[in-house]
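The chain contents come next:
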Amino acid sequence: MAGFRNRWRKPKLRKKYGFPTIFIQAISAFILNSYFYVFKRPSLYQGKGKGLICPSLNCYSCPLAYTSCPIGIMQHFAIIRQFPYYLLGWLGLVGVTTGRAQCGWICPFGLIQDLLYSIGRIRLKLPKWTIYIKYVVLFGMIPLSFITLDPVFCEYICPAGTLEAGIPQVLWISDYRQLVGHLFVLKVSILVIIVLLSILIKRPFCRTLCPLGAFYSIFNKISVMRMKVDMDRCIECDLCQEVCPMDIKIYENPDSLECIRCNKCIRICPTNAISVEIFGKEKRLESKLVVKKRE
Amino acid sequence: MRKGIQVLIIIGAIALIVIGLFHNEFTEVIRRGNLICFECIGIG
């Protein structure tokens, strides 16, 4: 390790490292929200596609959405007092195969936060304890929905729902505009706070509030797709943390509950120390970073 | 050990999906997804 430390100097970051991830995130967001027929008849998609549960947070009341939101469905089953076999089976299957990769590759709200952070100039860090709030949200919303018969997360918190469904539906359908009240103001305020924080902090919603991320994170330690760090090659330059949307040092814990498997750290690593492991087989991607040898 | 747990969870998850389909949960998800969620849009 010391040898590598002496031979490489910390390179300057280039913006290209995040390109494939953002490209795939944009395509996923487009595919999940591509019901353009809605422009002929304002409402939302109503068909069998809604029986499919989106692996990421994507509001089913978004006029363009083809699939159902897993968190909305989870609360709905709590309200109707029915055990959600299909939902838990699906989320378990997705979680055990890829861990939190959906957050890094598919989630439209994750993409929005990544784009907002890329325009910011001032950088702030989140206190470490805040990452545990999402577990309180996950394990609190189900009994609360069960007791109050309301989807509490969707109703009082979800900024993705406000952005993808609330604002477009209210702007588009005049009848809904008559019904706007304190709740809408509260939800828009939460969205504005999250948007402003996203400019300053990496993915504040995913790291602190997202119950779906909390659910998938439980699978990170046992998922088929995992990160691997060769500590003999690692020079602890912390470039991985600089590009990481979740602000983690992957070499400290490759199975971190926060890792969203976006692979940005693999592409930036100057010594190719980070790789991805699928079913125990190591897949090594070449780093896109060109570093100069110390003279 | 890890592979064993992975296989067990995958089998369990597929079993849960099948049980869910037998309980008509797919239809229930379609029904819920087809309704506009007034809580989600903040006017509930």
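The text that follows walks through the structure, step by step, so that each part is easy to find. As the structure is a computational prediction, the values presented were derived from the model and not from experiment.

A word on helix α7 (residues 133-148) of chain A. Residue and element names in this part refer to chain A. The end-to-end C-alpha distance of α7, which contains 16 residues, comes to 21 Å, matching closely the 22 Å that a straight helix rising 1.5 Å per residue would cover. Where α7 bends most, the angle comes to about 30°, and this point is glycine 140, followed within four residues by the proline proline 143. Those residues of α7 that fall on the buried side of the exposure criterion are Lys134, Val137, Leu138, Met141 and Ser145. Residues of α7 that are buried in the fold lie against α3 (70-79), α8 (152-156), α12 (204-208) and α13 (211-217).

What follows deals with the interface of chain B and chain A. In this assembly, 30 residues from chain B lie in contact with 43 residues from chain A. Elements with a contribution of two residues or more to the side of chain B that touches chain A: α1 (2-22) and α2 (25-34) of chain B. Grouping the constituent residues of the side of chain B that touches chain A by class yields 17 nonpolar, eight polar and five charged.

Next up on the list: unusual backbone geometry. Residue and element names in this part refer to chain A. One non-glycine residue, glutamate 236, lies in the positive phi region at around 50°. With respect to the secondary-structure elements, glutamate 236 resides in the loop between β1 (225-229) and α14 (239-243). Residue glutamate 236 is classed as partly exposed on the basis of its C-beta count, with 15 C-beta atoms lying within 10 Å. Residues other than glycine seldom take positive phi values, yet aspartate 247 does so here, at roughly 60°. You can see aspartate 247 is positioned in the loop between α14 and α15 (264-268).

Turning our attention to the sheet that holds strand β3 (residues 281-283) of chain A. Residue and element names in this part refer to chain A. If you trace the three strands from one edge of the open sheet to the other, you get β1-β2-β3, paired in antiparallel fashion. Every other strand in the sheet has two partners, leaving β1 and β3 as the edge strands with one partner each. The mean angle between the axes of side-by-side strands here comes to 35°, regardless of whether they run parallel or antiparallel. Direction of pairing for β1 relative to strand β2 (residues 274-278): antiparallel, over a ladder of five bridges. Among the inter-strand pairings, valine 229 is bridged to a residue of β2, identified as isoleucine 274.

So, how was this worked out
- Residues numbered from 1 in each chain as written.
- Chains lettered and ligands numbered in written order.
- Predicted model: local features only at pLDDT ≥ 70, side-chain atom pairs only at ≥ 80, totals over all residues.
- Helix = DSSP H or I, 4+ residues; strand = E, 2+ residues; numbered from the N terminus.
- Expected span 1.5 Å × (residues − 1).
- Bend = angle between axes of the 7 residues up to and from the residue.
- Buried ≥ 20, exposed ≤ 12 C-beta atoms within 10 Å, placed from the backbone.
- Contact = placed C-beta atoms within 7 Å.
- Nonpolar A, V, L, I, M, F, W, Y, C, P; charged D, E, K, R; others polar.
- Pairing = 2+ DSSP bridges.
- Axes fitted to C-alpha atoms, helices over the stretch in contact; angles between N-to-C directions.

Take it as geometry only, folks, not as evidence of what the structure does.
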